[in-house]
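For reference, the chains in residue letters:
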Amino acid sequence: MSDDFKLNAMVRNDMGKGASRRLRREANLVPAIIYGGKNAPENISIASNELEHALQNEAFYSHIITISVDGNDQDVILKDLQRHPSKTVVTHADFLRVSKTQKLHTKVPLHYINEDICVGVKMGGGIISHNMTELDISCLPADLPEYIEVDVSAVDVGGVLHISDIALPSGVESVELSHGAEHDQPIFTINKPKAAVETTDEEGDNEETSEE
């Protein structure tokens, strides 16, 4: 993990929608909450520009974040983010406390590499379909990856990669696979080119007509 994230926050005492709106409009602060672990949930506020800057980095979404609440540092991960329905403005954020000795459950992005030299695309003219863009994982905070790479160079037309095909980093487990092989979902597919599908359909129609 190459990036270190630290946010400064203040304890928020005013509750309710009206108070949250005032925070955003008048003080340029984002209401948020820290929960989990042995401590009680804490309602906090974070400078909007500080949070927005951090959110521009993809790693922020799957990284251990240090939040300093009135000088008290806490290690957390971002669990939920709410935005205005018609704007990009963040309206609320949820952070979950993490412990160095306890496994955490979160999602990390999947980065598909070598799509430009993928056999099914380069040789077969296939169409790429990303069935998943992030993976549900379980690991200790020290093992948390920013993202997981999936090499798709060898996938041919009609080929499918599943969760079990992902080379997971040491100490990282797939939550879905922990529930059994029947949860081994597809993550990446190379579909047949549209023209090939149409040709196959037409051949099938012609066969039916000749039988009649």
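Residues numbered from 1 in each chain as written. Predicted model: local features only at pLDDT ≥ 70, side-chain atom pairs only at ≥ 80, totals over all residues. Heavy atoms only, no water.

Engineer: Run through the overall build of the protein, naming residues and quoting values.
Structural biologist: Broken down by element type, the protein carries four helices and 13 strands. Burial statistics for the protein: of 212 residues in total, 36% are counted as buried. Pairs at least 24 apart in sequence give 68% of the contacts found in the protein among residues at least 6 apart. When the accessible surface of the protein is summed, it comes to about 12400 Å², and 47% of that surface belongs to carbon and sulfur atoms. (Helix = DSSP H or I, 4+ residues; strand = E, 2+ residues; numbered from the N terminus. Buried < 20%, exposed > 50% of the residue type's maximum accessible area, 1.4 Å probe, protein only. Contact = heavy atoms within 4.5 Å. Areas by Shrake-Rupley, 256 points an atom, 1.4 Å probe, with all protein chains shown as cover.)

Engineer: So what's going on with unusual backbone geometry? Residues and values would help.
Structural biologist: In this model, Asp70 sits at a positive phi of 50°, which is unusual for a non-glycine residue. Tracing the backbone through its elements, the reader meets Asp70 in the loop between strand 4 (65-69) and strand 5 (72-83). Relative accessible area serves as the criterion here: at 54%, Asp70 is assigned to the exposed category. Positive phi outside glycine occurs at Asn114, with the angle close to 65°. With respect to the helices, strands and loops of the structure, Asn114 is situated in the loop between strand 7 (104-113) and helix 3 (119-122).

Engineer: I'd like a description of the packing of aromatic side chains, backed by residues and values.
Structural biologist: Enumeration over the complete set of coordinates arrives at three aromatic pairs. Taking 5.3 Å as the distance between ring centres and 80° as the angle between the ring planes, the aromatic pair formed by Phe5 and Phe60 counts as edge-to-face. Here Phe60 lies in the loop between helix 2 (48-55) and strand 4 and Phe5 lies in strand 1 (residues 5-11), a separation of 55 residues in the sequence. Here Phe5 falls in the buried class, since its relative accessible area comes to 12%. (Phe/Tyr/Trp six-rings, centres within 6.5 Å; stacked < 30°, edge-to-face > 60°.)

Engineer: Could you give an account of the sheet that holds strand 6 (residues 90-97), naming the residues involved and the relevant values?
Structural biologist: An order of 1-3-2-6-5-4 is seen for the six strands of this closed barrel, with the pairing classed as mixed. The average undirected angle you get between the axes of adjacent strands in this sheet is 45°. Pairing of strand 2 (residues 29-35) with strand 6 involves four bridges; the strand directions are parallel. Residue pairing across strands places Tyr35 opposite Leu96, the latter belonging to strand 6. (Pairing = 2+ DSSP bridges. Axes fitted to C-alpha atoms, helices over the stretch in contact; angles between N-to-C directions.)

Engineer: Explain the layout of surface pockets residue by residue, including any values.
Structural biologist: There is about 260 Å³ of room inside the largest pocket. Lining the largest pocket are Gly37, Lys38, Leu96, Arg97, Val98, Ser99, Gln102, Lys103, Leu104, His105 and Pro141. For the lining of the largest pocket, the secondary-structure elements that each account for two or more residues are strand 6 and strand 7. (1 Å grid on protein atoms, 1.4 Å probe; cavity = no way out; pocket = protein on both sides within 12 Å on 5 of 7 lines; lining within 4 Å. Points joined across faces, edges and corners; volume = space filled by probe spheres on them.)

Engineer: Tell me about the side chain of Arg12, and please be specific about residues and values.
Structural biologist: Tracing the sequence through the fold places Arg12 in the loop between strand 1 and helix 1 (17-26). In this structure Arg12 is buried but unpaired, with Asp94 as the nearest side chain of opposite charge at 7.7 Å. Within the structure, the side chain of Arg12 is placed 2.9 Å from the backbone oxygen of Ile44, a separation counted as a polar contact. (Lys, Arg positive; Asp, Glu negative; His and termini not counted. Salt bridge = Lys/Arg side-chain N within 4 Å of Asp/Glu carboxyl O. Polar contact = N/O pair within 3.5 Å; in protein donor to acceptor, adjacent residues only side chain to side chain.)

Engineer: Residues and numbers for the pattern of salt bridges, please.
Structural biologist: Enumeration over the complete set of coordinates arrives at four salt bridges. For the salt bridge of Lys6 with Asp73, the shortest nitrogen-to-oxygen distance reads 3.4 Å. Of this pair, Lys6 sits in strand 1 while Asp73 sits in strand 5; the two residues are 67 residues apart in sequence, bridging distant segments of the chain. In this structure Lys6 comes out as partly exposed when scored by relative accessible area, which is 48%. Taking the relative accessible area as the measure of exposure, Asp73 reaches 43% and is therefore partly exposed. The salt bridge involving Arg97 is made with Glu42; its shortest N-O contact spans 3.2 Å. Of this pair, Arg97 sits in strand 6 while Glu42 sits in strand 3 (residues 42-47), placing them 55 residues apart in sequence. What makes Arg97 buried here is its relative accessible area of 11%.

Engineer: Can you lay out the sheet that holds strand 11 (residues 160-162) for me, pointing to particular residues and giving the numbers?
Structural biologist: Read from one edge of the open sheet, three strands run 8-13-11, paired in antiparallel fashion. Pairing within the sheet leaves two strands with one partner each, and these edge strands are strand 8 (127-130) and strand 11. This sheet shows a mean twist of 10° between the axes of neighbouring strands, independent of strand direction. Here strand 8 pairs with strand 13 (residues 186-191) via four bridges, running antiparallel. Of the residues in strand 13, the one forming a bridge with Ile127 is Asn191.

Spatial relationships are all this shows, so hold off on functional conclusions.
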